[in-house]
Amino acid sequence: MNLSYRNFLPTILGVTAFACAHFVHAAAPAETSTPPAKVRAPAVAGLFYPKDAGELSRAIDGYLAAATATAPTGELKALICPHAGYAYSGPVAANAYRLLAGREFATVVLLAPSHYATVRAAAVSGATVYRTPLGDVPISAQSRALAQLSPFALEPRAFVHRPDWWRQASHPAPEPGDDTADTWEHSDEVQVPFLQKTLKNFQLLPVIFGQVDPAAAARALNQILEDRTLIVASSDLSHYDSYARAQQRDRRCLDAICALDAGRIDPDDACGALPVQTLLHVAKHRGWRAQLLDYRNSGDTSGDKTRGVVGYAAVAFYAPPAEASAFNATERQLLLALARRTLRAVTAGGELPVLPVDQLAAKFTKPRGCFVTLTQRGALRGCIGHIVAQEPLHRAIVDNARSAATRDPRFRPVTAAEVDQLEIEISVLTAPEPLAFASPADLLQKLQPHRDGVVLQIGDRGATYLPQVWEQIPDKETFLDSLAEKAGCPASAWRRPGTKALIYRVESFKESDAPTKP
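Quantities reported herein were computed from a predicted structural model and do not represent experimental measurements.

Concerning the packing of helix α2 (residues 86-97) against helix α4 (residues 191-198)
Interaxial distance between α2 and α4 falls to 11 Å at its minimum, and their mutual angle equals 40°. As the angle between them shows, α2 and α4 are arranged oblique. Pair α2 / α4 crosses with right-handed handedness. Side by side, α2 and α4 meet where Tyr 86, Gly 90, Ala 93, Ala 94 and Tyr 97 of the first sit next to Gln 191, Pro 193, Phe 194, Leu 195 and Thr 198 of the second. Considering only residue class, the contact of α2 with α4 consists of seven nonpolar, three polar and no charged.

Encoded structure:
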């Protein structure tokens, strides 16, 4: 049975609670021809950040290495990042971007305020490639779809006041009248090198905000967001207040952001107030939560607190993890009974059971990752499952019960005579989340025995253990040693640079928990 986790886990075959097969990489898609690229060239390379690719890469690496923010618990969905020159805001931005290490997003929607253009729309870029000294990022085809939804528009007409430094910009000036809202904008551009250093194989959807209703922008944006989309809202905070006054104002603004209260943010509180308010409306609609990662101002990062300062913050937005207990006793018995009916059907050559979908609660029809484990007098007899949701839960129970009985390569198929001797255990999984760690010791420190299911990837090989395995291997180092060996690697291989880990939670229940079998 093929088990997939986005692009991070291409394919897992026959993953079980006690033994795992290896990852198999899917074939690369066939190449297709593309029209000539329309490039959004860098404007502020050499002004806001280094123009030389090597110097720029080393600068970002340094900021990321010094960042110390802790990742929130849950699925990362969005960031607020500052956009001043790297010498001022780079250390703060790094505390947001370091969370992207080891994660994968297909699309980054970059919401940035306009500093030089007057435009009565949210201007979507018409380019096909976004260029920085670190290379080119493809612009998502979703930009065209978003541009059809008001107040977004594809490169709308804008009155552009060129910045004082336009003659020092890193691209030639367009012909008079050809400037767009994004021609000189730095608030989006400074974010892209950080994204290039922390993500792989993503597409960009950059938007420059003019005067629009953030609630309307959020409604439109909600229509194109997908699970593998990250939103980045670009904004600095207060401008040129005294150090003490800036701290007071910025804290009030950050309190509103963390409360998802867009109405408490004034235009003077943040130059990216509209992108931030749009993100807050999206977050509130989708049930995300906010966590402040870092707050400093230019007085902190430059060391000069005697002049007016500019405030910078890094904020993460995340979807809370699923509740650990989603099923009551009656619901658990329904799923266990479904699995047992499946065992009887497959061993007798009958038809698989089907539940009346129109009579099921949403929790049974929602796609979920799950495993079905069979034991016989306490010994494992079969275990097959999906790490990541592939089909509605009730169908996944049937498919995995059938596979555990007949397709686990370690065991002969279960016979009809054995069915009544078997005990069934069902494990329902939360979505796996990449676990960021800086070293083997950091990984050990972050793992939570008896709570974390672990997917370990070492190069192109990998394996998983359900949380139940902690009962047999409670020591963290021994647990990872064993998991590395199950992946076909030496026991110590999980200590190698480049090793990745994902964690997930499990709600498990078995027939012996009830007075009688279903």
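With respect to the state of the cysteines
Tallying each qualifying case throughout the model produces zero disulfides. Residue Cys 258 stays outside any disulfide, its sulfur separated by 9.6 Å from that of Cys 253, the closest cysteine. The exposure class of Cys 258 is partly exposed, given its relative accessible area of 30%.

Section: unusual backbone geometry
In the segment running from Ser 150 into Pro 151, the intervening peptide bond is cis, with an omega of 10°. By the element assignment, Pro 151 lies in the loop between α3 (142-147) and β10 (152-154). The phi dihedral of Leu 260 falls on the positive side, at around 60°, and the residue is not glycine. Structurally, the position occupied by Leu 260 is in the loop between α6 (243-258) and α7 (273-286).

Examining the pairing of strand β16 (residues 309-319)
Burial analysis of β16 places 11 of its 11 residues in the buried class, the great majority of the element. Burial along β16 is two-sided: the residues Val 309, Gly 311, Ala 313, Val 315, Phe 317 and Ala 319 and Val 310, Tyr 312, Ala 314, Ala 316 and Tyr 318 are all buried. Pairing analysis gives five bridges linking strand β4 (residues 75-81) to β16, with the strands arranged antiparallel. Residue pairing in the sheet places Leu 79 in a bridge with Ala 316 of β16. Where strand β14 (residues 239-241) meets β16, two bridges bridge the pair, whose relative direction is antiparallel. For His 239, the partnering residue across the bridge sits in β16 and is Val 310. Across eight bridges, strand β15 (residues 289-297) lies against β16 in antiparallel orientation. Bridge pairing in β16 links Ala 290 to Phe 317.

Calculation rules
Residues numbered from 1 in each chain as written. Predicted model: local features only at pLDDT ≥ 70, side-chain atom pairs only at ≥ 80, totals over all residues. Heavy atoms only, no water. Axes fitted to C-alpha atoms, helices over the stretch in contact; angles between N-to-C directions. Helix = DSSP H or I, 4+ residues; strand = E, 2+ residues; numbered from the N terminus. Parallel < 35°, antiparallel > 145°, perpendicular 65-115°, else oblique. Left-handed = near helix turned anticlockwise from the far one by under 90°. Contact = heavy atoms within 4.5 Å. Nonpolar A, V, L, I, M, F, W, Y, C, P; charged D, E, K, R; others polar. Disulfide = S-S within 2.5 Å. Buried < 20%, exposed > 50% of the residue type's maximum accessible area, 1.4 Å probe, protein only. Pairing = 2+ DSSP bridges.

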